[in-house]
Amino acid sequence: MESASFHHDHALLEWQIELGATEAISDVPVNRYDVPAVVEKPKVAEAAAGGFVPMAKEDPVALAQQAASGASTLAELRAAMAAFEHCDLKKGARNLVFSDGIAGAPVMIIGNAPTRAEDQAGMPFVDKEGQLLDKMLGAIGMARAHAAAPVYITSILPWRPPQNRDPKPHEIAMMKPFLLRHIELAAPKVLVLAGNWACQALLEKRGVARLRGQWTQAAGLPALPMFHPSQLMRSPEYKRETWADLLSLKKRLQNG
């Protein structure tokens, strides 16, 4: 007479076959509750041999330095900036804002990040801010395209931040190699840092109200922090100090 356990075990076996178990794993029973004394950790080399290799994260600042250093002319630098795909600002901008004025001018004015109007025009210092800047320069006999006393103008970033928000530190750091190469290729005698963010990018300091009127060094050149025209439009009381800064700039150029 067959035992009841046989039929019970046979029924369990059939049930396991229906679930997909088609072969035995081992010829001897395995105690699943037995805990080994030492648990070996998987080796990295074995994981790599299996086809998984962690990807090294690219450094956008290093890539920007490489791209900027490869440019030997302003035209090449502009092309390198246009081809740079690691700054998210480019995705939301309409145009690359590179420069205006005459390259090689003794004065290079560096403004803050592009505004909506500058993004649309593809040039720095346009609209009412640009008109005020032109009046400021004209008061000391200078202009963007003045044959005898020209200026050259750019911004710390080539693309407009969304909704004209403030630039983020990593955005400034990422695009700074291009800015420094821009200064080298333009080869001005002096720099004018117009606004807080220009001071932050090249002096690593903010507070233009405290910094203005004092000549300093930036990118190896004499530099004069000055109020941005947009700030003068919001606070006309600063025009007196700005006039003093413009006269200081004129005197510096006259003295060589």
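This text follows the structure it describes.
Residues numbered from 1 in each chain as written. Predicted model: local features only at pLDDT ≥ 70, side-chain atom pairs only at ≥ 80, totals over all residues. Heavy atoms only, no water.

Asker: Residue-level account of the sheet that holds strand β2 (residues 107-111), with values.
Answerer: Strand-to-strand pairing in sheets goes through backbone hydrogen bonds, with the strands running parallel or antiparallel. A sheet is described by the order of its strands in space; here six strands give the open sequence β1-β3-β2-β4-β6-β5, paired in mixed fashion. Of all the strands in the sheet, just β1 (100-101) and β5 (216-218) have a single pairing partner and so form its edges. Pairing analysis gives five bridges linking β2 to strand β3 (residues 151-155), with the strands arranged parallel. If you follow V107 over to β3, its bridge partner there is V151. Those strands touched by helix α12 (residues 239-254) are β2, β4 (190-194) and β6 (221-226), and its axis lies near 165 degrees from that of β6. (Pairing = 2+ DSSP bridges. Helix = DSSP H or I, 4+ residues; strand = E, 2+ residues; numbered from the N terminus. Contact = heavy atoms within 4.5 Å. Axes fitted to C-alpha atoms, helices over the stretch in contact; angles between N-to-C directions.)

Asker: An account of α12 is requested, with residue identities and associated values reported.
Answerer: In this model, α12 (16 residues) spans 23 Å end to end at C-alpha, consistent with the 22 Å of a helix rising 1.5 Å per residue. Burial in α12 covers these residues: T242, D245, L246 and L249. Projected down its long axis, α12 shows its buried positions confined to an angular sector of 100 degrees, all on one face. In this structure, α12 carries R240, K251 and Q254 as exposed residues pointing more than 90 degrees from its buried face. Contact partners of the buried residues in α12: β2, α7 (127-138), β4, β6 and α11 (229-234). G256 sits one or two positions beyond α12 and adopts a positive phi of about 75 degrees. (Expected span 1.5 Å × (residues − 1). Buried < 20%, exposed > 50% of the residue type's maximum accessible area, 1.4 Å probe, protein only. Arc of directions from axis to C-beta.)

Asker: Could you give an account of the environment of S230, naming the residues involved and the relevant values?
Answerer: Relative to the helices and strands, S230 is located in helix α11. For S230, a relative accessible area of 13% puts it in the buried group. Separated by 102 residues in the primary sequence, S230 and K128 place their C-alpha atoms 8.4 Å from one another.

Asker: Give me the lowdown on helix α8 (residues 169-186), citing residues and values where you can.
Answerer: Taking 1.5 Å per residue, 18 residues should reach 26 Å; α8 reaches 25 Å between its end C-alpha atoms and fits that length. Of all the bends found along α8, the most pronounced is centred on K176 and spans about 45 degrees, while P177, a proline, follows it within four residues. For α8, the full list of buried residues reads E171, I172, M174, M175, P177, F178, L179, H182, I183 and A186. In the segment just after α8, A187 is the residue with positive phi, at about 50 degrees. (Bend = angle between axes of the 7 residues up to and from the residue.)

Asker: Can you tell me about the pairing of β3, naming the residues and giving the values?
Answerer: Counting buried positions along β3 yields five of five residues, so the element is predominantly enclosed. Both faces of β3 are covered, namely the face carrying V151, I153 and S155 and the face carrying Y152 and T154. Pairing between β1 and β3: two bridges, direction antiparallel. Its bridge partner lying in β3, D100 is registered against I153.

Asker: Account for the packing of helix α3 (residues 60-69) against α8, with residues named and values stated.
Answerer: At their nearest, the axes of α3 and α8 sit 8 Å apart, and the two run at 15 degrees to each other. By the angle between their axes, α3 is roughly parallel relative to α8. In the packing of α3 onto α8, the handedness of the crossing is right-handed. Judged by residue contacts, P60, V61, A64, Q65, A67, A68 and S69 of α3 engage A173, M174, P177, F178 and R181 from α8. (Parallel < 35°, antiparallel > 145°, perpendicular 65-115°, else oblique. Left-handed = near helix turned anticlockwise from the far one by under 90°.)

Asker: Give me the packing of α8 against helix α9 (residues 196-203): which residues, what numbers.
Answerer: The interhelical angle for the contact between α8 and α9, taken along N-to-C directions, is 85 degrees, at an axis separation of 10 Å. Taken together, the axes of α8 and α9 lie roughly perpendicular to each other. For the pair α8 and α9, the contacting residues are I172, K176, L179, L180 and I183 in the first and W197, Q200, A201 and L202 in the second. Grouping the constituent residues of the contact of α8 with α9 by class yields seven nonpolar, one polar and one charged. (Nonpolar A, V, L, I, M, F, W, Y, C, P; charged D, E, K, R; others polar.)

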